[in-house]
Amino acid sequence: MNILNLEYDKYKLNNGLEVILHQNDNHPLVSVNIWYKAGSSNERKGKTGIAHLFEHMMFQGSLNVPKEMHFRYIQEAGGTLNGSTNFDRTNYYEKVPSNFLELILWLESDRMGLLLPSLTQEKLNNQIDVVRNERLERYDNQPYGLAWETLINNLYPKDHPYSWPTIGYVADINSYTLKDVKDFFKTYYAPSNACLTIAGNFDKKIAGELVDKYFGDLKNSKIPAEIVIPPVDLKENIIITRKENVQLERIYLAWASEKAFDPFDSSLDFLGDILSGSKNARLYKNLVYDKELAQDISAYQFSGKYAGHFMIVATAKPGGSLSTLKDEIFRELENVSEKGVTSREIFRSKNGIKSSFIYSMQNVESLADQLNYYNFYCGEPNSFNADLTRYENVTNEDIKECVNKYLKNNYVELRISPSNGNED
Amino acid sequence: MKKSERSKMPLPSSELKFTLPDVDTFKLANALDVIFVKRNSLPILRLNLIINGGSNTDPVGKKGLANLFSMMIDEGAGGYNGLELMDEFDILGSNFDISCNNDGLYLGLRTLKENADRSIDLFSKIITDPHFDEISFAREKRKLITRLMQLKDDPEEIASSVFEYTVFGKEDPYAFTAMGKEEDISNITVEDIKNFYRNYFVPNNAALIAVGNITKEELTDKLNKYLHKWAPKILNIDKYKCKTKESPGIYIIHKDESVQSEIRIGHLSEKRDKRDIFPSTLLNNILGGQFSSRINLNLREDKGYTYGAFSRFNYFKDNAIFYVSTSAGIENTGKAVAEIIKELNLIKEGVTEKELDFAKSSTIRKFPSNFETNRQVAYNLTTKYLYNLPDDYYDTYIDKIRNVSINEVNKAALDHIHPEKLTILIVGDKNKLIPQLKEISKDKITELDYLGKEVSVI
């Protein structure tokens, strides 16, 4: 489709920094979005959470930017900013009125090149406290909040970088020294390990000159070695039961599957949608709507750079039984594997994907991030159409085959039940 | 580049050119107000229907009615059952959504331009011809009761809902969350749902906001075609009767062995149309409205007690509250509460010119980005409609902010921040909380259950 075909310039500076420029003059805003090829996959056991903790340190000022001023300068310009870390990468992004582009390039280049002189023990101690609170707020103090880390911990082998949570374990977070943080910076935070995307309302020539001016003289460093990924191969089913302070029982099922953009990645996305993505989705309709055995259900494919897994999560109604839910889920998977799905179901998923692509084009910040996403995983930022084609090509046979190939294998099962309730 | 060049913050390149979207307001033959903004940059369209009357209309003994109504309205309409109806939307790649809060019901439609006609047809069926059948009603009711039960697991939800219940004084219409009370839900009948539809769901008690790629003629034709059956009525709606009764004090809700506490601190405030909205906006921006505000810089970036701490004036249509919210490691809760109270006292001593300049600059310069997506434009028009803001509200917004004086902000702090009558509510392990709270205050501590009922006084 024409509107999904984005024009862009992509080039590399001498120091290895990748630059993507996409002009979009709908609104007087510009978004700057940087992906560093550093995520929690680059950590090792016993030293988890440093990629994310490091993301926090990037907001603490740099050589020419005093503490707290990174936020202040951008908010004073009417901008918004944030960053996020996952298994594969860390991103930093800002959206500002377009006349403040230079401010952002100054701030981003200062912390890309000149963060270390301003790092102090005091800042590190403070952000370790903040991250510990973040972990409490988002995981430990949330109902079922530790399920994700339990699942990946059991699904992926012990030395697989997806086997620990990106936020890290508390003991590891507490252990970090200034030296650890500085070493992490030196290894991963270099122009040659990053991609800078600018999307929105700007003059290409001026933006190019500003990028040169601020990033051109930053020092390159050695590209970090590729990490070695052990294969994921569950020898048997792993069943875990937990008692927690929750009202309702919940079951999680996780199967190892494929990494992002592998042949069945899109079929597994559709499978998730067909099972639980709408009111008429098979498991939702059967278990939540018709039989009222479940309060909610979701099925989805998670895929990253190094691996992926397919997950189904269902919460039982009060008095309901997790074993019954599990039986129903497996019966439906068997059904899909034998008879496949209807053309209407595939058509529904395709149209949902297509329209959500178009709706997402409204926000220049999500555009910039998506360009970086495609560049990171596919090597080509303008992949909206190619990605859509990937989904449009999914057939009924593909969906049957992805079930046969992955969802008949061994799996991890986690059951969480109320600490004061009865066993199922 | 030279080191000296990098040491200076770059200045903005030029003044920004930003023009607000043109808003066209008109009435359909059935008295429905239509607020329309044409935006052609993408082939998409959004419609939002606002119904005046949300959970603030719930009768005593039937708290949760409006929300249950919102769960029922898309469970079958105009010849389709609930499943068929959603399938029709999904097959088009259109999204229908509905939400309910204290002041209203909000029906939303997002569609591609090529499917606008069919989508508006379906959207209109929900508005004009919902079924409200008994079987769906029983199912949605069971779903809601289970949902209410699940909320007991969520400390943030418990803190917010019991805080509002306590500050509004247990009887005011705003004392209850939209989801209502478990014990009331079973009293609600399908007849109540139908009555709600008859009383509130009428075109002269609603507004339709349309933003996107369509001409006014096309839009009007479609709305007339599909909504003509929807007839106006003489409204018989009770006015809000204020029953607020504040009982400031310290309240805790026990959550066994919790590693973190949820904190809400605040009081009643003045409703939006009776106040100095622009000075109040800037005041809150300085105090706790964003990352760089006093409260967050103190509690997060200086002390490390929390992942984030914020304050806000929460304006309902007919009332308002002010509160600070955060969560803190259980062992730092007493200190975090003390710091928040300190900040509330401190702001009354006045803000600095520098702080005010910062607040103005961030508010003014951020303004254009509030109109980027169709959803944002529709949201702003909803706010304007709901609070009955003047027609030139957005046109004059930047000037009004720019002209606020430091005296006005300082007066707003004196008028609207009341550290002497705070309701302090904390969800966490009482055994760890009580000693810390005793250290910062000699006041009695009241323990509440997760519904806000008193358990004991400590």
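## Here we look at the overall build of chain B
The secondary structure content of chain B amounts to 17 helices and 13 strands. Counting only C-alpha atoms and orienting by the principal axes, one finds that chain B spans roughly 65 × 65 × 40 Å. Taken across its 458 residues, chain B has 46% of its residues classed as buried.

## Points about the domain arrangement of chain A
Residues and elements named next belong to chain A. For chain A, the assigned domains read domain 1 (2-215) and domain 2 (238-418). The C-alpha centroid of domain 2 is placed 28 Å from the C-alpha centroid of domain 1. Taken together, the contact between domain 1 and domain 2 spans 35 residues of the former and 32 residues of the latter. Of all the secondary-structure elements, those providing two or more residues to the side of domain 1 that touches domain 2 are β2 (18-23), β3 (29-36), β5 (90-97), α5 (147-155) and β6 (194-200). Of the residues in the side of domain 1 that touches domain 2, the class split is 19 nonpolar, twelve polar and four charged.

## Some details on the domain arrangement of chain B
All names here are of chain B. Split into domains, chain B comes out as domain 1 (24-227) and domain 2 (249-457). Each of domain 1 and domain 2 was reduced to a C-alpha centroid, and the two centroids are 29 Å apart. Contact with domain 1, which involves 27 residues of that partner, is made by 28 residues of domain 2. Sorting the residues of the side of domain 1 that touches domain 2 by element identifies β2 (33-38), β3 (44-52), α6 (155-167) and β6 (206-212) as the ones contributing at least two each.

## Observations regarding the sheet that holds strand β7 (residues 238-244) of chain A
All names here are of chain A. Spatially, the five strands line up as an open sheet ordered β7-β11-β8-β10-β9, and their pairing is mixed. The open sheet is flanked by β7 and β9 (294-303), the only strands paired with a single partner. Taking the axes of each pair of neighbouring strands and ignoring which way they run, one obtains an average angle of 10 degrees across the sheet. As paired strands, strand β8 (residues 250-256) and strand β10 (residues 308-316) are joined by seven bridges and run antiparallel to one another. Across the sheet, residue R250 finds its bridge partner in β10, namely T315. The strands touched by helix α11 (residues 322-339) within the sheet are β8, β9, β10 and β11 (412-418), with β10 carrying the most contacts at an inclination of about 135 degrees.

## Quick notes on the confidence of the model for chain B
The predicted model of chain B has a mean per-residue pLDDT of 96, with 100% of residues at 70 or higher. Overall fold confidence (pTM) sits at 0.95, and the ipTM for the predicted complex is 0.94.

## Overview of the interface of chain A and chain B
Taken together, the 59 residues of chain A in the interface contact 59 residues of chain B. Where the side of chain A that touches chain B is concerned, the elements lending two or more residues are α2 (69-76), β5, α3 (101-113), α4 (121-140) and α12 (343-360) of chain A. The residue makeup of the side of chain A that touches chain B, split by class, is 20 nonpolar, 20 polar and 19 charged.

## With respect to the sheet that holds strand β4 (residues 95-100) of chain B
Residues and elements named next belong to chain B. Read across the open sheet, the six strands follow the order β1-β2-β6-β3-β5-β4; overall the sheet is mixed. Here the strands that pair on one side only, and so sit at the sheet edges, are β1 (24-27) and β4. On average, adjacent strands in this sheet sit at an angle of 15 degrees to one another, irrespective of strand direction. Of the strand pairs in this sheet, β1 and β2 are connected by four bridges, and their pairing is antiparallel. In the sheet register, T25 faces β2, and the bridge partner there is I35. Across the face of the sheet, helix α2 (residues 65-72) comes into contact with β4 and β5 (104-112) while running at roughly 170 degrees to β4.

The rules behind the values
- Residues numbered from 1 in each chain as written.
- Chains lettered and ligands numbered in written order.
- Predicted model: local features only at pLDDT ≥ 70, side-chain atom pairs only at ≥ 80, totals over all residues.
- Helix = DSSP H or I, 4+ residues; strand = E, 2+ residues; numbered from the N terminus.
- Buried ≥ 20, exposed ≤ 12 C-beta atoms within 10 Å, placed from the backbone.
- Domains from an automatic or database assignment.
- Contact = placed C-beta atoms within 7 Å.
- Nonpolar A, V, L, I, M, F, W, Y, C, P; charged D, E, K, R; others polar.
- Pairing = 2+ DSSP bridges.
- Axes fitted to C-alpha atoms, helices over the stretch in contact; angles between N-to-C directions.
- pLDDT = per-residue confidence, 0-100.

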